[in-house]
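These are the residues of each chain, in order.
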Amino acid sequence: MNIDELIAAAKTLSTPELSDALDYFSLPGVVYGIKPVTVDRAFVGTAWTVRYIPVDSHNPGSVGDFIDQVMPRDAVVIDNAGRTDCTVWGGILSQLAAHRGIAGTVIHGVCRDTAEARDANYPVYALGNFMRTGKDRVQVAETAGVINLGGTRVCHGDIIAADSDGVVVLDIRNAEKVILRAMETSRLENLITDDVLAGMSIKEARQKHHYHTLQRNPLIEEK
Amino acid sequence: MNIDELIAAAKTLSTPELSDALDYFSLPGVVYGIKPVTVDRAFVGTAWTVRYIPVDSHNPGSVGDFIDQVMPRDAVVIDNAGRTDCTVWGGILSQLAAHRGIAGTVIHGVCRDTAEARDANYPVYALGNFMRTGKDRVQVAETAGVINLGGTRVCHGDIIAADSDGVVVLDIRNAEKVILRAMETSRLENLITDDVLAGMSIKEARQKHHYHTLQRNPLIEEK
Amino acid sequence: MNIDELIAAAKTLSTPELSDALDYFSLPGVVYGIKPVTVDRAFVGTAWTVRYIPVDSHNPGSVGDFIDQVMPRDAVVIDNAGRTDCTVWGGILSQLAAHRGIAGTVIHGVCRDTAEARDANYPVYALGNFMRTGKDRVQVAETAGVINLGGTRVCHGDIIAADSDGVVVLDIRNAEKVILRAMETSRLENLITDDVLAGMSIKEARQKHHYHTLQRNPLIEEK
């Protein structure tokens, strides 16, 4: 699948389904602690990475104008090292990102102007929100590199999927096999749901569809 | 009162009113840190308890099919020891529980497939939500026993009341006296509200109805 | 500007804009960790301060009837030292405050009867909500004094502004200059937004309006 096909396929899946598929291949990729803070709207995009560091008071850099380079298929993914005392995303960026069709923003840190993002129906996923600017508190260290999103590795161009349950990162090198596996998991979970809602006991339905090992790596089983 | 009458009476009360009545008898029962995470819908039910433990990698148990045994009057109450890194409740369970009229679920831990539970209007109260499965991370240690819900003791069959302000557990042996006392508190608080909205000063209204000691155990007063 | 004019002007501003203006003058005033917990409704008012301390079991005071003295232009601001195990604001107070037109309540601690406040459309900003009363757990130590709101100084009569992104306190002695500066920031940020939505690159629009130093104290720049 090409990148557009991967994104289209991932859009049909939930983060739990993708997480189960990551488990199946014993791969990392789930992001801990990041939740929707503006609108609870799912998105999938390719990671456009930004890394902030504490400001150099002798030579304060800027918070960057990287947004000009971000394309509609992208999701902005910002590593601010989990800082919650100053923001790295605000109202102008939300409005512009929504206007340009950018998929969404994920921050290991906090955003501000939440109400403006909500009005623009633009999804920002973060540790929370606060009102104090990052200007003169942090500065851009690097864009389009490899970042640490609270312990999860994200490379520029990886696939980012986000929904109510949080954020999952698919290493672009594994994305296709993970997505295909998640589609299979999803199909089987729907069969279980159909069976139990039709009156089968959950025990029977789960055994029939091998629920308890759906996410278990068969190679590990063979050990 | 029989169990159906106790539940019907508790449904007319808020968790603050029940908490005040627990205070009145110097009883424990308030649960710290657990909030509505799917829909903000109050419920009352009898505790159907489940306790998870970390998986035994030599002999991985399962996450259980206990839901087949849970009755409509029950609330599922899950002790996962406060773990937030893997889930013990998901979309199939929410849909099935809603379908079968189960009262709600309370987890000292996290759930997933939040959007599905919301669509089914099924209330899950938890420490939060995340997307990673508990399968092969935890396993059922016991069902229908005594559990520790973040420091609060819950026995199978106790009464569970949950609303926007959190979760309260009524030991079934004390439930009737606590509920009767809460009904009296509620009556007096409504009188205070009526008096102040009708123009009485809050000081006067509270003195008239003994607000400041409504939840104080009269035995303690006598000391 | 007199106090009514200051409040009217602050109502046109967001907490991010006020925070940037505080930064500009190197002033404190942002409050960390306090969020809307009943309704997400912005307000501005003058601080009516209350400080609680742990109960003296030999001489338990009361949780106070101070609300009788609070005026419509006021916001109740409560220092409970960040305690989240017992509440200092509940349903009777929310209903009465809404009825009397009080601006809102800010608590470094927790509130209860969230649903009643929501029904009354009354904004309570706090660390969270819980159901257990503060009666016989805390008592009023002082009203109308100086309080510590999680590290932020609040004097009786200071201006409090609250919205989705949190709470900002304006020392009444600085309020006018901060508000005037925030109005200027707001004007410039709107020009940037207009320019970028009209097609200008964000880099160009930000340079044109000096975005990256909008909140920077020009005196510091000159160093």
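This one's a predicted model, so the numbers in the text were calculated from it and none came from an experiment.

Asker: It is not clear to me how the overall build of chain A should be interpreted in this structure. Could you clarify?
Answerer: A tally of regular secondary structure across chain A gives 7 helices and 13 strands. For chain A, whose C-alpha radius of gyration is 19 Å, the value lies close to the compact-globule estimate of 17 Å for 223 residues. The proportion of buried residues among the 223 residues of chain A is 57%. Of the contacts formed within chain A by residues at least 6 apart in sequence, a portion of 73% connects residues at least 24 apart.

Asker: Teacher, can you tell me more about the UniProt feature "binding site: Mg(2+)" (unreviewed entry) in chain A here?
Answerer: Following the UniProt record, the feature "binding site: Mg(2+)" (unreviewed entry) maps to Asp113 of chain A here. Counting through the fold element by element, Asp113 of chain A comes out in the loop between β6 (110-111) and α4 (114-119). Not counting residues within four places of it along the chain, the set of residues in contact with Asp113 of chain A comprises Gly90 and Gly91 of chain A together with Ser14, Pro16 and Asp165 of chain C.

Asker: When you look at the environment of Gly145 of chain A in this model, what are you seeing that I'm missing?
Answerer: Residue and element names in this part refer to chain A. The topology assignment puts Gly145 in the loop between β9 (138-143) and β10 (146-149). The spatial distance from the C-alpha of Gly145 to the C-alpha of Ala47 is 10.0 Å, given a sequence separation of 98 residues. If near-sequence neighbours (up to four positions away) are discounted, Gly145 is found in contact with Thr49, Val154, Cys155 and His156.

Asker: Sorry if this is basic, but what is going on with the interface of chain B and chain A here?
Answerer: Size of an interface: often given as the accessible area lost when the parts come together. Every contact between the two is made by 28 residues of chain B and, on the other side, 30 residues of chain A. Taking both sides of the interface into account, the surface hidden between chain B and chain A amounts to around 2500 Å²; carbon and sulfur atoms contribute 50%. Of all residues in chain B, the largest losses of buried area upon contact with chain A belong to Ile92, Met131 and Lys135 of chain B, amounting jointly to 29% of the total for that side. Counting across the interface, chain B meets chain A through 5 salt bridges. Between Asp20 of chain A and Arg112 of chain B there is a salt bridge whose closest N-O contact spans 2.9 Å.

Asker: Can you walk me through the packing of helix α1 (residues 3-10) of chain A against helix α5 (residues 175-197) of chain A in this structure?
Answerer: A pair of packed helices is characterised by two quantities: the angle between their axes and the separation of those axes. Residues and elements named next belong to chain A. Contact geometry of α1 with α5 gives a least axis separation of 10 Å together with a crossing angle of 30°. Judged by the angle between their axes, α1 and α5 are roughly parallel. Both α1 and α5 take part in a crossing whose hand is left-handed. Across the interface between the two elements, Leu6, Ala9 and Ala10 of α1 pack against Ala175, Glu176, Ile179 and Met183 of α5. Looking at the contact of α1 with α5 residue by residue, the class counts come to 6 nonpolar, no polar and 1 charged.

Asker: In this structure, what is going on with the packing of aromatic side chains? I would like to understand it.
Answerer: Any two aromatic rings considered together are summarised by their centre-to-centre distance and by the angle between their planes. Scanning the entire structure with this criterion turns up 15 aromatic pairs over all chains. Ring geometry for Phe130 of chain A and Tyr32 of chain C: centres 5.4 Å apart, planes at 75°, overall edge-to-face. In this pair, Phe130 of chain A sits in the loop between β8 (128-129) and β9 while Tyr32 of chain C sits in the loop between β1 (30-31) and β2 (35-36), so the two residues belong to two different chains. Take Tyr32 of chain C: its relative accessible area is 44%, and that puts it in the partly exposed class. Relative to Phe66 of chain C, the ring of Trp48 of chain C has its centre 5.8 Å away and its plane inclined at 20°; by these criteria the two rings are stacked. With Trp48 of chain C in strand β3 (residues 43-54) and Phe66 of chain C in the loop between β3 and β4 (74-79), this residue pair connects regions lying 18 residues apart in the sequence. You'll find Trp48 of chain C and Phe66 of chain C in the same group, each marked buried.

Asker: What exactly am I supposed to notice about the side chain of Ser14 of chain B here?
Answerer: With respect to the secondary-structure elements, Ser14 of chain B resides in the loop between α1 (3-10) and α2 (15-24). Discounting residues that sit within four places of it in the chain, Ser14 of chain B has contacts with Asp163 of chain B together with Asp113 of chain C.

Asker: Whenever I open this one, the domain arrangement of chain A confuses me. Can you help?
Answerer: For chain A, the assigned domains are domain 1 (28-170) and domain 2 (177-213). A separation of 35 Å is found between the C-alpha centroids of domain 1 of chain A and domain 2 of chain A.

Asker: Looking at this structure, how should I read the relation of the copies chain B and chain A?
Answerer: Between the two chain copies there is a screw-like relation: a rotation about an axis and a shift along it. Between the two copies, chain B and chain A, the superposition gives an RMSD of 0.0 Å; the rotation angle is 120° and the shift along the axis is 0.0 Å. What the superposition gives is, in effect, a three-fold axis relating one chain to the other.

Asker: Quick question: what am I supposed to make of the state of the cysteines here?
Answerer: Such a bond, covalent and formed between the sulfur atoms of two cysteines, is termed a disulfide. All names here are of chain A. Evaluation of the coordinates by the stated rule reveals 0 disulfides over all chains. For the unlinked cysteine Cys86, the closest cysteine sulfur is that of Cys111, found at 12 Å. With a relative accessible area of 0%, Cys86 lands in the buried category.

Asker: I keep staring at the interface of chain C and chain A and nothing clicks. Help me out?
Answerer: Across the contact, 31 residues belong to chain C and 28 residues belong to chain A. For the pairing of chain C and chain A, the buried interface totals around 2500 Å² over both sides, and the portion due to carbon and sulfur atoms is 50%. Summed over the three residues of chain C that lose the most area to chain A, namely Asp165, Leu197 and Ile202 of chain C, the buried surface amounts to 22% of that side. Taken together, the connections running from chain C to chain A amount to 5 salt bridges. The set of elements that each furnish at least two residues to the side of chain C that touches chain A consists of α2 (15-24), β1, β13 (166-170), α5 (175-197) and α6 (202-208) of chain C. Broken down by class, the residue content of the side of chain C that touches chain A amounts to 12 nonpolar, 10 polar and 9 charged.

Conventions and cut-offs
- Residues numbered from 1 in each chain as written.
- Chains lettered and ligands numbered in written order.
- Predicted model: local features only at pLDDT ≥ 70, side-chain atom pairs only at ≥ 80, totals over all residues.
- Heavy atoms only, no water.
- Helix = DSSP H or I, 4+ residues; strand = E, 2+ residues; numbered from the N terminus.
- Rg over C-alpha atoms; globule rule 2.2 N^0.38 Å.
- Buried < 20%, exposed > 50% of the residue type's maximum accessible area, 1.4 Å probe, protein only.
- Contact = heavy atoms within 4.5 Å.
- UniProt positions renumbered as here; feature names shortened; annotations may be inferred.
- Buried area = accessible area lost by both parts, 1.4 Å probe.
- Salt bridge = Lys/Arg side-chain N within 4 Å of Asp/Glu carboxyl O.
- Axes fitted to C-alpha atoms, helices over the stretch in contact; angles between N-to-C directions.
- Parallel < 35°, antiparallel > 145°, perpendicular 65-115°, else oblique.
- Left-handed = near helix turned anticlockwise from the far one by under 90°.
- Nonpolar A, V, L, I, M, F, W, Y, C, P; charged D, E, K, R; others polar.
- Phe/Tyr/Trp six-rings, centres within 6.5 Å; stacked < 30°, edge-to-face > 60°.
- Domains from an automatic or database assignment.
- Least-squares fit on C-alpha atoms with pLDDT ≥ 70 in both.
- Disulfide = S-S within 2.5 Å.

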